[in-house]
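# Reading the structure
Each chain, written out:
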Amino acid sequence: MADRRFLAWPFFEPRHRDLANAVEHWARENLPVDHADADAACRGLVAQLGTDGWLTHTAIDPDEPRGIDLRSLCLIRETLARHDALADFSFAMQGLGVGAVSLFGSQEQQEHLRRTRNGTAIAAFALSEARSGSDVANIELSARADADGFVLNGEKMWISNGGIADIYVVFARTGDAPAAKGISAFLVTGDNPGIEIAERLEVIAPHPLARLRFNNCRVGLEALIGRTGQGFKIAMATLDVFRATVGAAALGFSRRALDESVERARERKLFGGHLSDLQLVQGHIADMALAIDAAALLVYRAAWVKDAGAPRVSREAAMAKLFATEKAQEVIDKAVQIHGGDGVRKGCVVESLYREIRALRIYEGASEVQKVVIARDALAQ
Ligand code: COS
């Protein structure tokens, strides 16, 4: 059972503590699911998370557009991640996928959120390209304006939920303005005949992931999110909200790694005592517990600052994501060490955590990008 004393921290309101308890209860009843077929698992998870109401936290309510509560998102992500990485993935993508619609969408576009919030539509965020993952200002996928709207041509890479999504938010180059100023955001439905799954991508921690090809993909004027040329800022503002939640997922993985390690250290007998009697092992456990609390402080600080109405949380979000994901990698590595041979054995919880954590240091802004954001902020003060 993970340490839950953090719930007493002043970042939270009583409703957050109730939410954390409710989602913990739900996760214990329903997770983990079978991962043998990742597409089927994710479809099932989105449907169930929708039916049971959890996805209402991922996007704004079109009837009462009040904004996204970031502390709730983080609490749900860390709890789901502690029980099942695919459940966390499915939940998270429903938020990031249509994050731009929650934040900048028209009333008509926000109607789509009814379906992502009830789990009947799967969402995806199509920003990265083969030659522009970190360097977003360099994206090449083109959106040419014509009489009826726009025609998209080009490719997107590393698109989570690619292949199973019903709604994509796609960032493309419109007009002649250079770099960041020439990018716009579009809402494209998965049934558009101009979207093709060029390749399904297999990774160390399997989840639906694809390279997408846009082949004369036609969208109407109503597909444009915000105005032309605003796409870069829309992407950055969306990432500012969701990056702290990546830190929260890493925190969930870390907490699970610590729980597994404590159990192992208490049970495993060697040298006439228990693993937990060895001071070097105690040193590992102490490092893990310390990293977890420090990461949690940064994650919930970022969420609290955002919920308190800060106009921009780039710095706080970058610190939370950077620290929580990098430390989770170290925490999980120690957990593998404490488990010895079992730690690298398929089927062992810490073996899967070791694979699951790696991508979090890359996606939604690699650790190096977070350092750029933090350093630019410090230098600008
Ligand atoms: N919110 C609002 N506006 C922002 C912003 C933010 N968080 N960050 C930057 N902007 C604005 C800047 O103010 C600037 O506007 P002006 O030209 O009006 O001054 C404009 O956007 C360009 O910003 P900047 O010059 O900082 O852009 P760079 O090309 O140097 O990019 C980084 C900066 C590297 C931080 C950015 O490209 C980035 O975050 N990359 C990683 C992307 C990512 O997460 N990819 C993963 C995809 S999802 S799996």
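Since the structure is predicted, the reported quantities are computational estimates derived from the model, not experimental observations.

Conventions and cut-offs
- The residue numbers shown here count from 1 along each chain, following its written sequence.
- Selection of residues for local features in this predicted model requires a pLDDT of at least 70, selection of side-chain atom pairs for listing and counting requires 80 or more, and totals for whole chains, interfaces and linings are taken over all residues.
- Calculated side-chain values reflect all of the structure's heavy atoms, with hydrogen atoms and water omitted.
- In this scheme Phe, Tyr and Trp rings, the latter by its six-membered ring, pair at centre separations within 6.5 Å, and the angle between planes marks the pair as stacked below 30 degrees, edge-to-face above 60, and tilted otherwise.
- For every residue, the accessible area obtained with a 1.4 Å probe (protein chains only) is divided by the maximum for its type, and the residue is called buried under 20%, exposed over 50%, and partly exposed between those limits.
- Either the NZ atom of lysine or the CZ atom of arginine qualifies as a charge over a ring when it sits within 6 Å of the ring centre and within 35 degrees of the ring normal.
- Domain extents, as shown, originate in an automatic or database domain assignment.
- Any Lys or Arg side-chain nitrogen found within 4 Å of a carboxyl oxygen on Asp or Glu counts as a salt bridge.
- Pairs of N or O atoms are called polar contacts if they sit within 3.5 Å, as long as, within protein, a hydrogen donor faces a hydrogen acceptor (for residues adjacent in sequence, only side-chain-to-side-chain pairs).
- Note on conventions: DSSP H or I runs of at least 4 residues are helices, E runs of at least 2 residues are strands, and numbering of each starts at the N terminus.
- Pairs of residues are marked as contacts when any of their non-hydrogen atoms sit within 4.5 Å.

### Description of the packing of aromatic side chains
The geometry of two aromatic rings is summed up by the distance between their centres and the angle between their planes. Tallying each qualifying case throughout the model produces nine aromatic pairs. Aromatic side chains phenylalanine 6 and tryptophan 9 sit 6.1 Å apart centroid to centroid with 75° between the ring planes, which places their arrangement in the edge-to-face category. Each member of the pair, phenylalanine 6 as well as tryptophan 9, carries the same accessibility label: buried. The ring centre of phenylalanine 6 lies 4.2 Å from the NZ or CZ of arginine 255, which sits over that ring.

### Side note on the domain arrangement of the protein
As assigned here, the protein comprises domain 1 (8–118), domain 2 (123–229) and domain 3 (233–380). Here the C-alpha centroids of domain 1 and domain 2 sit 23 Å apart. For the pair domain 1 and domain 2, the interface holds one salt bridge. A salt bridge links aspartate 39 to arginine 200; its shortest N-O distance comes to 2.8 Å. Applying the counting criterion to the domain 1 and domain 2 interface returns four residue pairs in polar contact (both at pLDDT 80 or more). Among the secondary structure elements, those contributing two or more residues to the side of domain 1 that touches domain 2 are α2 (38–51), α4 (85–97), α5 (99–104) and α6 (107–110). Examining the composition of the side of domain 1 that touches domain 2, we find that six residues originate from one element, α4, more than from any other.

### Observations concerning the side chain of arginine 255
If you trace the backbone, arginine 255 turns up in helix α8 (residues 231–267). Residue arginine 255 is classed as buried on the basis of its relative accessible area of 5%. Residues within four places of arginine 255 in sequence aside, it is in contact with Ala2, Asp3, Phe6, Glu78, Arg82, Ile292 and Ala296.

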